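Residues per chain, in single letters:
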Amino acid sequence: MSISAQEINYTPSKWSKRFDETQVLMHYYKFAKEITADARKSLKCKLNVPYGTTERTKYDIYGTDLPKESPIFLFIHGGYWQEGSKDIAAFAAPIFVRKGIKVITIGYDLCPNVKLGNIIHQVKTAVEHILKYASSLGCRNIWVSGHSAGAHLAASLLFDELWLDNMTKEGHLNLLKGIVLIGGVFNLKPLVDTNISTALKLTKDEIDTYSFTTLNTKNNTSVQQLKVIVTIGQCDSPGLINESRECAQKLVTMVDHVEYIFLRENIDHFDIVEKLTDEEFVLTKLILNNILHE
């Protein structure tokens, strides 16, 4: 099956300077599998907590032996909504738990078994479930992060005024202090007519509704008392680099505190999360500082 120039523009594995396209994916999945397996062995954790009715609608909690009031860091994996798993997503757990922060990795169903709208609904349900859980514990604060398509899912919280309003009315939104969007895809329109979209089976309504950078948000209520960090690496794909900039520009119009960070030093789409295992990595330090000094 041929690959178009547009698809190359949205294929992060083709832009890494560390490895070739095949090697970078092999390294990423091997690293992710090993770090998650080690975290499950070395950290107190509770796996496969259900928030929905399907096999994948579950999340894992790392650091269950930490005090009840400990902050919580949520991580939503990527994979263009059709690949990936919470079972290879515990990058942040070793460092963050050691710093007194619980880490929760969220699973969700994948396309083509479900539609994109179903996945977005599942993630919102999971976050709502975790907000209520955290509230019952007296948790200090929660930060939500997502990588790649997971960043799109995390961003969906900000563009759903009904969800935000419901969480406010239930008294849970005040716990949510920040969202970190890592190497995200925020516009579905460039994916149309590429092989990437085959499994997504996107409708026109889905494309329009979930292309966040092109939404009309002029009348949206401003999101206050919440910080959004949008970040991407120098060696990510050009399409995603452009979308991260556009996403930050869009969010500035509706969120009070937005920070855009372009990570140089040849950071690519994959080691940007692999390096969350490194306490000295700039993004690790930034997230930790924000959570611990909230």
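Refer to the structure above for everything that follows.
The notes below deal with the structure included here. As the structure is a prediction and not an experimental result, all values here were calculated from the model.

## Comments concerning the side chain of Asp109
Then, number 1: Turning to its location among the elements, Asp109 is positioned in the loop between β4 (102-106) and α4 (116-137).
Then, number 2: Here Asp109 sits buried without a salt bridge, and the closest side chain of opposite charge, Arg56, lies 5.3 Å off (N-O distance).
Then, number 3: Reaching out from Asp109, the side chain makes a polar contact with the side chain of Thr54 at a distance of 2.9 Å.
Then, number 4: A polar contact of 2.8 Å, which involves the side chain of Asp109, links it to the side chain of Gln122.
Then, number 5: Leave out the neighbours within four places in its chain, and Asp109 touches Thr54, Arg56, Thr57, Val114, Ile119 and Gln122.

## Concerning the sheet that holds strand β6 (residues 176-182)
Then, number 1: The strand order across the open sheet built from 8 strands is β1-β2-β4-β3-β5-β6-β7-β8, with neighbouring strands paired in mixed fashion. Taken across any chain shown, the strands that pair with only one partner, and hence form the sheet edges, are β1 (45-50) and β8 (255-268). Averaged over all pairs of adjacent strands, the angle between their axes in this sheet comes to 20°, without regard to strand direction.
Then, number 2: Bridge count between strand β3 (residues 72-76) and β4: 5 bridges; the pairing is parallel. In the sheet register, Leu74 faces β4, and the bridge partner there is Ile104.

## Thoughts on unusual backbone geometry
Then, number 1: Here the residue pair Cys111 and Pro112 is connected by a cis peptide bond, since its omega of 10° sits within 30 degrees of zero.
Then, number 2: Mapped onto the elements of the fold, Pro112 is located in the loop between β4 and α4.
Then, number 3: Here Asn48, not a glycine, exhibits a phi torsion of approximately 60°, which is positive.
Then, number 4: With respect to the helices, strands and loops of the structure, Asn48 is situated in strand β1.
Then, number 5: The exposure class assigned to Asn48 is partly exposed, which follows from its relative accessible area of 40%.
Then, number 6: Even without glycine at this site, Tyr80 takes up a positive phi of about 50°.

Each value, and the rule that gives it
- Residues numbered from 1 in each chain as written.
- Predicted model: local features only at pLDDT ≥ 70, side-chain atom pairs only at ≥ 80, totals over all residues.
- Heavy atoms only, no water.
- Helix = DSSP H or I, 4+ residues; strand = E, 2+ residues; numbered from the N terminus.
- Buried < 20%, exposed > 50% of the residue type's maximum accessible area, 1.4 Å probe, protein only.
- Lys, Arg positive; Asp, Glu negative; His and termini not counted.
- Salt bridge = Lys/Arg side-chain N within 4 Å of Asp/Glu carboxyl O.
- Polar contact = N/O pair within 3.5 Å; in protein donor to acceptor, adjacent residues only side chain to side chain.
- Contact = heavy atoms within 4.5 Å.
- Pairing = 2+ DSSP bridges.
- Axes fitted to C-alpha atoms, helices over the stretch in contact; angles between N-to-C directions.

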